[in-house]
Amino acid sequence: MQENISLKSYNTFGVDVHSKYFAEVRSVEELIETLKFSNSQTLPLLFLGGGSNILLTRDFEGIAIHLNLKGIREEIINENEVLVTANAGENWHQFVMYCLDKNYGGLENLSLIPGNVGTSPMQNIGAYGTEIKDVFESCKVLNLDNFKIETFNSEKCRFGYRDSIFKQEGKGKFVILEVTFRLTRNTHKIDVEYGAIQSELEKMGIINPTIQDVSKAVISIRQSKLPDPKIIGNAGSFFKNPTIPLSQYQDLQKQFENIPGYPNGDFVKVPAGWLIEQAGWKGKQLGNAASHTLQALVIINATGQATGQEIFDFSTMIIDSVKEKFGIELEREVNIV
């Protein structure tokens with residue numbers, strides 16, 4: 001147990017806040033021991049994985065726990081299916097590459113997403129037409145009330161758009177220890193319909209793509225428009241793409257003819273990046289915070305000196321501006337602490 005530790009290297013925004021206590025745990029036993037200490041001192045908890053989906057706005061007066069649980073194992077189910085389990089502390093992209101090296105399909109569209117495996121079900125992370133729920137089998141969690149390990153299946157996780165039970169009624173009640181995915185071994189489902197994957201594959205001269213080709217295309221697209229958090233502090237997409245009633249979308253079309261939308265029944269998903277750009281925020285910088293020049297959906301720590309509160313206030317201005325122009329209220333995807 002360490003005291004008064006900077007969390008700058010534990011969040012991809014690079015925000016320099018301090019935690020009263022800090023512990024790095026490498027096993028469930030170490031985790032439980034740390035939690036018992038927390039209970040004895042009545043201290044709040046902050047769990048850190050890859051630090052890629054969090055904005056720290058102030059010093060933390062409790063225990064920050066870095067979950068460094070490592071390990072991957074496999075179980076062959078049949079000729080075409082395999083269960084692959086990764087512990088929470090495994091880096092997400094490295095895990096995806098591990099699966100692709102084994103020719104296990106299902107995660108290729110989720111290449112280069114920052115963060116660790118443990119947070120993937122929490123956010124139901126997704127990209128280019130694929131979400132975690134599409135390949136999710138189960139996860140093991142530690143119940144913080146009784147320190148018992150429980151197994152959650154997909155139904156129990158209650159996955160939604162960038163959402164799960166772990167962000168709703170289960171928030172602060174469970175810690176994800178490991179995640180199991182059901183992947184394909186031979187007959188892969190190739191999904192290149194979303195975004196620019198197809199055109200990127202054409203640039204690469206690939207007509208019949210493999211799952212490895214799809215991954216390379218996704219990586220190329222992401223690198224071309226998303227800043228590397230190792231170079232510029234950011235947490236990827238800061239806002240969710242809003243879903244609005246079809247009637248509201250049709251009204252907006254009368255005023256903004258080129259407003260993009262993805263229909264789903266009586267609702268339409270509108271790209272948040274387009275809304276933010278049209279409201280004049282793409283590439284705009286105020287103080288130390290800015291909207292990225294290539295992707296308005298990404299807020300960056302432009303100078304490396306931004307405070308979490310400064311970034312939060314910048315995001316509030318974007319929310320207010322988009323609401324005033326379009327009548328749509330953006331929701332933050334990043335967890336605010």
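Everything discussed here concerns the structure shown above.
The rules behind each value
Residues numbered from 1 in each chain as written. Predicted model: local features only at pLDDT ≥ 70, side-chain atom pairs only at ≥ 80, totals over all residues. Heavy atoms only, no water. Helix = DSSP H or I, 4+ residues; strand = E, 2+ residues; numbered from the N terminus. Rg over C-alpha atoms; globule rule 2.2 N^0.38 Å. Buried < 20%, exposed > 50% of the residue type's maximum accessible area, 1.4 Å probe, protein only. Contact = heavy atoms within 4.5 Å. Areas by Shrake-Rupley, 256 points an atom, 1.4 Å probe, with all protein chains shown as cover. Lys, Arg positive; Asp, Glu negative; His and termini not counted. Charge placed at Lys NZ, Arg CZ, Asp CG, Glu CD. Salt bridge = Lys/Arg side-chain N within 4 Å of Asp/Glu carboxyl O. Core = buried A, V, L, I, M, F, W, Y, C linked by side-chain atoms within 4.5 Å. Pairing = 2+ DSSP bridges. Axes fitted to C-alpha atoms, helices over the stretch in contact; angles between N-to-C directions. Phe/Tyr/Trp six-rings, centres within 6.5 Å; stacked < 30°, edge-to-face > 60°. Lys NZ or Arg CZ within 6 Å of the ring centre and 35° of its normal.

A. Summary view of the overall build of the protein chain. Within the protein chain, the secondary structure is distributed over nine helices and 20 strands. Taking 2.2 N^0.38 as the reference for a compact globule, 337 residues should give roughly 20 Å; the C-alpha atoms of the protein chain span a radius of gyration of 20 Å, in line with that estimate. With the C-alpha coordinates of the protein chain rotated into their principal frame, the extents come out at 60 × 55 × 35 Å. Split into buried and exposed, the 337 residues of the protein chain put 51% on the buried side. Look at the contacts in the protein chain between residues 6 or more apart in sequence, and 60% of them connect residues 24 or more apart. Surface accessibility of the protein chain: about 16,000 Å² in total, with carbon and sulfur atoms responsible for 46%. Charge-centre separation for the protein chain: the mean point of 33 positive side chains lies 1 Å from the mean point of 41 negative side chains.

B. The pattern of salt bridges, seen in detail. A full pass over the atoms with the stated rule returns 16 salt bridges. When the shortest N-O distance is used, the salt bridge between Arg 73 and Glu 178 registers 2.8 Å. Taken together, the residues Arg 73 in strand β6 (residues 72-76) and Glu 178 in strand β12 (residues 174-184) connect sequence positions 105 residues apart. Exposure remark for Arg 73: the relative accessible area of 44% places this residue in the partly exposed category. You can call Glu 178 buried: its relative accessible area is 11%. In this structure, the salt-bridge partner of Lys 254 is Asp 251, at a minimum N-O distance of 3.7 Å. With a gap of three residues between them, Lys 254 and Asp 251 both fall in helix α7 (residues 246-255), about one helical turn apart. Relative accessible area serves as the criterion here: at 68%, Lys 254 is assigned to the exposed category. In this structure Asp 251 comes out as partly exposed when scored by relative accessible area, which is 47%. A single salt-bridge network, built from bridges that share partners, covers Glu 131, Lys 133, Asp 134, Arg 162 and Glu 333.

C. Highlighting the nonpolar core. Counting residues in each nonpolar core, the largest one holds 44 residues, and the members touching the most others are Leu 7, Phe 239, Leu 275, Ile 276, Ile 311, Ile 318 and Leu 330. At the level of elements, β3 (45-48), β4 (54-55), β5 (60-67), α7, α8 (272-278) and α9 (308-326) are the ones that each hand at least two residues to this core. The element contributing the most residues to this core is α9, with six residues. Residues within four places of Ile 318 in sequence aside, it is in contact with Phe 239, Ile 276, Trp 281, Ile 299 and Leu 330. Counting 40 residues, the second-largest nonpolar core is a separate cluster that includes Val 82, Val 84, Ala 86 and Ile 176.

D. Spatial organisation of the sheet that holds strand β1 (residues 2-6). Here four strands make up an open sheet; going across it, the order is β1-β2-β5-β3 and the pairing mixed. A strand with exactly one partner marks an edge of an open sheet, and here the two such strands are β1 and β3. Direction aside, neighbouring strands of the sheet carry axes that sit 40° apart on average. Sheet analysis places strand β2 (residues 18-25) next to β5, joined by six bridges and oriented parallel. Looking across to β5, one finds that Glu 24 is bridged to His 66. Where helix α1 (residues 28-41) meets the sheet, it contacts β2, β3 and β5, and its direction lies at approximately 170° from that of β5.

E. Representation of the pairing of β5. Here β5 lies mainly inside the structure; seven of its eight residues are buried. Note that β3 and β5 share four bridges and pair parallel. If you follow Phe 47 over to β5, its bridge partner there is Ile 65.

F. Seen up close, the packing of aromatic side chains. Within this structure, the stated rule accounts for 14 aromatic pairs. Consider the rings of Tyr 10 and Phe 22, whose centres lie 4.8 Å apart with planes at 45°: the pair is tilted. Of the two residues, Tyr 10 is situated in the loop between β1 and β2 and Phe 22 in strand β2; the sequence distance between them amounts to 12 residues. Taken individually, Tyr 10 and Phe 22 each receive the classification buried, so the pair is uniform in this respect. Ring geometry for Trp 274 and Phe 326: centres 5.7 Å apart, planes at 50°, overall tilted. You can see Trp 274 sitting in helix α8 and its partner Phe 326 sitting in helix α9, a full 52 residues away along the chain. Linked through ring pairs, Phe 13, Phe 238 and Phe 239 together constitute an aromatic cluster. One Lys or Arg, Lys 269, reaches over the ring of Tyr 161 and ends 4.0 Å from the middle of that ring. It is Lys 284 that lies over the ring of Trp 281; its NZ or CZ is 4.5 Å from the centre.

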